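# Close look at the chain arrangement
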Amino acid sequence: MKPISIEVWNPSGKYRVVSTKSMPGSRWIRLLTEQDCRVEICTETKTILSVDDILALIGDRCDGVIGQLTEDWGDVLFSALRRAGGTAFSNMAVGYNNVDVDAANKHGIAVGNTPGVLTETTAELAASLSLSAARRIVEADQFMRAGLYDGWLPHLFVGNLLKGQTVGVIGAGRIGSAYARMMIEGFKMNLIYYDLYQATRLEKFVTAYGEFLKANGEQPVTWKRASSMQEVLSEADVISLHPILDKTTYHLINKDSLALMKKEAILVNASRGPVIDEAALVEHLKANPMFRVGLDVFEDEPLMKPGLAEQKNAVVVPHIASASKWTREGMATLAALNVLGKIKGYPVWSDPNRIEPFLDESSPPPAASPSIVNAKQLGLPSSKL
Ligand SMILES: NC(=O)c1ccc[n+]([C@@H]2O[C@H](COP(=O)([O-])OP(=O)(O)OC[C@H]3O[C@@H](n4cnc5c(N)ncnc54)[C@H](O)[C@@H]3O)[C@@H](O)[C@H]2O)c1
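Computed from a prediction, not measured in an experiment: that's the story for all the values here.

## Digging into the site of the ligand
Around the ligand, 30 residues are found, and the nearest of them are G95, G171, G173, I175 and A321. Sort the elements by how many residues they give to the shell around the ligand and helix α7 (residues 174–187) lands first, with three residues. Grouping the amino acids of the shell around the ligand by side-chain chemistry returns 15 nonpolar, 11 polar and four charged. In terms of domain composition, the shell around the ligand takes at least three residues from each of domain 1 (6–117 + 323–378) and domain 2 (119–316).

Here you go:
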């Protein structure tokens, strides 16, 4: 196996922790080195590491790994990590569809993720895509830079007014609910959502905001929990996708579901690429020039399906939804603490949505792993803190 380039912190540390990528900030490194970890960060320039690259990084002795959503964490890597004496892995992401949790369970390896810290940042990007698509910002920017603007015109880049329209959310969990609030509070949109569970807090918020608007003599906003995804697709003007990616959400948006949407609807995806059948979407965009889409994620990342790049009614950005400095540094911290907690035998934090104590730089973090998705399966103790 060819050697792989690394940067080492605290070489004499007792526990060997590998990060497959350099991550923002330095707190995560400090938190590990202060607790007797030797931290090795992969400095290979290629963007996506192969399973073989990661096997080389794990080597013969490794206590834990911090990995990325672009990597294929299955039986091969978990068995190698176990053989190297490791018991901990954390994705630097909230989604973990790149991880075979059953394989991790089989080898007794804890799998961490980083919920909460990216909720608002991801929702803000989904809101940005919604606005960019509604007001044709990217098209207009390109027009301006091309020197084509020769004066104000009544028809120039006419888009959609969001106020009073209906925002549809599919997957009203942490991020979906935060996005809904932004669009409702910011643009006074009505809500229709579909989720397997009732989003009670979101419903209460919209009710209270509607009452506030009414008391101010304004049109109140409304909410509706749809009994099917199809209901959201046919009723909403702007639809944003925020479910996890699993078997039930793969190609949730396909030729048939696109056909249910309004001809001038806006579709936003900042969840995972395969939630949309992207080839079907390209055909739909071609056939419906007033239908617009804002995409942060793609089915075959880093590639786009043929034809998508040419569509003016698509706004595309390279999977940057969680890319704010605060969030990315926080994700690195949570991922490092997940691995550290398991190595040190700490319990698992009881509420993965209440992660603020881990992010407070003015005090040491709690002695717990912030979020381990297979804690129950591995019988890991829960923190009493
Ligand atoms: N683009 C990015 O950079 C980025 C950043 C953060 C998160 N994400 C993605 O967003 C996802 C959601 O994150 P979250 O923190 O809000 O998770 P969450 O678990 O709080 O929310 C997911 C919601 O989806 C719902 N759901 C599951 N299956 C469904 C189905 N078949 N139909 C409708 N709803 C369904 C769940 O009930 C849950 O409420 C992550 O799993 C991740 O894949 C992407």
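## A word on the sheet that holds strand β8 (residues 190–194)
Pairing in this open sheet of seven strands is parallel, and the strands run β9-β8-β7-β10-β11-β12-β13 from one edge to the other. Each edge of the open sheet is held by one strand with a lone partner, namely β9 (223–225) and β13 (314–316). For this sheet the average axis-to-axis angle between neighbouring strands, irrespective of direction, equals 15 degrees. The sheet contact formed by strand β10 (residues 238–241) and strand β11 (residues 266–269) spans four bridges and is parallel. Residue pairing across strands places V238 opposite I266, the latter belonging to β11.

## A few points about the domain arrangement of the protein chain
Domain assignment breaks the protein chain into domain 1 (6–117 + 323–378) and domain 2 (119–316). For domain 1 versus domain 2, the distance between C-alpha centres works out to 33 Å. Listed per partner, the contact involves seven residues of domain 1 and seven residues of domain 2. Within the side of domain 1 that touches domain 2, the residues separate by chemical class into one nonpolar, six polar and no charged.

About the thresholds
Residues numbered from 1 in each chain as written. Predicted model: local features only at pLDDT ≥ 70, side-chain atom pairs only at ≥ 80, totals over all residues. Near = placed C-beta within 6 Å. Helix = DSSP H or I, 4+ residues; strand = E, 2+ residues; numbered from the N terminus. Nonpolar A, V, L, I, M, F, W, Y, C, P; charged D, E, K, R; others polar. Domains from an automatic or database assignment. Pairing = 2+ DSSP bridges. Axes fitted to C-alpha atoms, helices over the stretch in contact; angles between N-to-C directions. Contact = placed C-beta atoms within 7 Å.

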